[in-house]
Amino acid sequence: MSFVININGEIFPAEEARLSVLDRGFLYGDSVYEVIRTYKGRPFALERHLERLTQSAERLAFILPPMEQLRNELQRTIERGSNEESYCRLVVTRGCGPIDLDPATAAAPNLIIYVKALELPGESLYEKGVTVIIPGVRRMAPRAAHPAIKSGNYLNSVLAVGAARRQGAFDALMIDSSGNVTEGTASNLFIYSGGTLKTPPLEAGLLAGVTRRLILELAHQNGLDTVEVVISAEDVYGAQEVMLSSTLREVLPVISVDGRTIGSGLCGPVAKKLRRIVRDYALSTLPD
Ligand code: PDD
């Protein structure tokens, strides 16, 4: 198992990787990133991640290296890591500069690719479910740095996870300026109630999760009605099932929110089914 980091095309053991402290990703969070995982050694949904990375960079008005270079460098780094399954974090910063907010002062973008052995949530979390709180940390307003940008600034999520852990919870849900719940700290939110699978719409101001989109695409053909709708904290408390979706978690059941038990307090059938659907799809779309 190895942890390697590619910096602008050169691959290092993680502890030897170095980048200037004048990089704007470090100074201002002026960077975009994607977390991609492999299934059977191959990066899953790579094109969707690259599409989102492109959209994030466009919103921040900076130019990414060519897509072909990103694909090739990612592949090379995965191979060098030679892990059975890989966690890949692909970061592009606006580059180094003279400590000046003006984005025009940045030199060329820096490309950093972290690859390490994939560590997934333990199976017991899927069997028992997890607890979350709604700590009241607001997600960035859409007219600030839009939450659809997967940028290097995750301070609201850092605050929310910190609050959750201090209260003994596993994670937190984020709310928007109206108090509606939008997503998790690094995952999207689904609830199941009244026979329908519900998730907040992108217009609510949230990250357009690759797993979220996949669930919306696959749920219907698996007999589940879906709707994108505004979700309040009360809706979450009263749901039969609550779940978080992400690249790393697939579909993780939530059994308690702010100390209130969700449904029967056990991992529900919809969460189980959706996880299976996502996994089966991820494994079946890959060549053997
Ligand atoms: N996080 N919402 C936020 C705020 C996220 O950071 C993520 C992903 C998601 C889920 O997106 P996807 O299904 O494409 O992974 C939703 C990754 C896993 C991370 O930062 O580690």
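Scroll up to find the structure.
Residues numbered from 1 in each chain as written. Predicted model: local features only at pLDDT ≥ 70, side-chain atom pairs only at ≥ 80, totals over all residues. Heavy atoms only, no water.

1. Side note on the nonpolar core
Counting 22 residues, the largest nonpolar core has Leu197, Ile215, Met243, Val251, Val270 and Leu274 as its most contacted members. Mapped onto this core, the elements with two or more residues apiece are β10 (188–193), α6 (210–219) and α8 (269–284). Each of domain 1 (4–117) and domain 2 (123–284) gives at least three residues to this core. Apart from residues lying up to four places away in sequence, valine 251 is in contact with Tyr126, Ile215, Met243, Leu244, Ala271, Leu274, Arg275 and Val278. (Core = buried A, V, L, I, M, F, W, Y, C linked by side-chain atoms within 4.5 Å. Buried < 20%, exposed > 50% of the residue type's maximum accessible area, 1.4 Å probe, protein only. Helix = DSSP H or I, 4+ residues; strand = E, 2+ residues; numbered from the N terminus. Domains from an automatic or database assignment. Contact = heavy atoms within 4.5 Å.)

2. Some details on the side chain of aspartate 30
You can see aspartate 30 is positioned in the loop between α1 (24–28) and β3 (31–39). Polar contacts involving the side chain of aspartate 30 include one to the side chain of arginine 24, which spans 2.8 Å. (Polar contact = N/O pair within 3.5 Å; in protein donor to acceptor, adjacent residues only side chain to side chain.)

3. With respect to a nonpolar patch on the surface
Judged by side-chain polarity, Val21, Leu22, Phe26, Leu27, Tyr28, Ile99 and Leu101 come together as a nonpolar surface patch covering roughly 700 Å² of accessible area. Relative to the elements of secondary structure, leucine 22 occurs in the loop between β2 (10–13) and α1. Judged by its relative accessible area of 36%, leucine 22 falls in the partly exposed class. (Patch = residues over 30% accessible without salt bridge, like charges linked within 9 Å, V, L, I, M, F, W, Y side chains within 5 Å. Areas by Shrake-Rupley, 256 points an atom, 1.4 Å probe, with all protein chains shown as cover. Salt bridge = Lys/Arg side-chain N within 4 Å of Asp/Glu carboxyl O.)

4. Remarks on the packing of aromatic side chains
What the rule picks out here adds up to 3 aromatic pairs. Aromatic pair phenylalanine 44 and tyrosine 281: ring centres 6.2 Å apart, planes at 75°, arrangement edge-to-face. Of this pair, phenylalanine 44 sits in the loop between β4 (42–43) and α2 (46–59) while tyrosine 281 sits in helix α8; the two residues are 237 residues apart in sequence, bridging distant segments of the chain. One aromatic cluster in this structure is built from Tyr39, Phe44 and Tyr281. Sitting over the ring of tyrosine 87, lysine 116 keeps its end group 5.0 Å from the ring centre. Arginine 275 extends its terminal NZ or CZ atom over the ring of tyrosine 126, reaching a point 3.5 Å from the ring centre. (Phe/Tyr/Trp six-rings, centres within 6.5 Å; stacked < 30°, edge-to-face > 60°. Lys NZ or Arg CZ within 6 Å of the ring centre and 35° of its normal.)

5. Comments concerning the environment of phenylalanine 62
Relative to the helices and strands, phenylalanine 62 is located in the loop between α2 and α3 (67–81). Owing to a relative accessible area of 8%, phenylalanine 62 belongs among the buried residues under this scheme. Sequence spacing of phenylalanine 62 and leucine 27 is 35 residues, and the spatial spacing of their C-alpha atoms is 16 Å. Each residue touching phenylalanine 62, except ones within four places of it in the same chain, is listed here: Asp30, Ser31, Val32, Ala57, Val92, Thr93 and Arg94.

6. Here's the deal with the pairing of β10
With 6 of 6 residues buried, β10 is to be regarded as a mostly interior element. Bridging between β10 and strand β11 (residues 196–199) involves 3 bridges; their strand directions are antiparallel. Among the inter-strand pairings, serine 193 is bridged to a residue of β11, identified as threonine 196. Following β10, the chain reverses through 2 residues before pairing antiparallel with β11; glycine 194 in that reversal takes a positive phi of roughly 55°. (Pairing = 2+ DSSP bridges.)

7. Re the sheet that holds β4
One open sheet accounts for 6 strands, arranged β2-β1-β6-β5-β3-β4; its pairing is antiparallel. This sheet does not close on itself; its edge strands, each paired only once, are β2 and β4. When strand β1 (residues 4–7) meets strand β6 (residues 110–117), the two strands line up antiparallel, connected through 4 bridges. Bridge pairing in β6 places isoleucine 7 opposite isoleucine 112. Of the strands in this sheet, β3, β4 and β5 (86–93) touch α2, which is tilted by about 175° from β3. Against the sheet, α3 makes contact with β1, β2, β3, β4, β5 and β6, and its axis sits at roughly 35° relative to β6, the strand it touches most. (Axes fitted to C-alpha atoms, helices over the stretch in contact; angles between N-to-C directions.)

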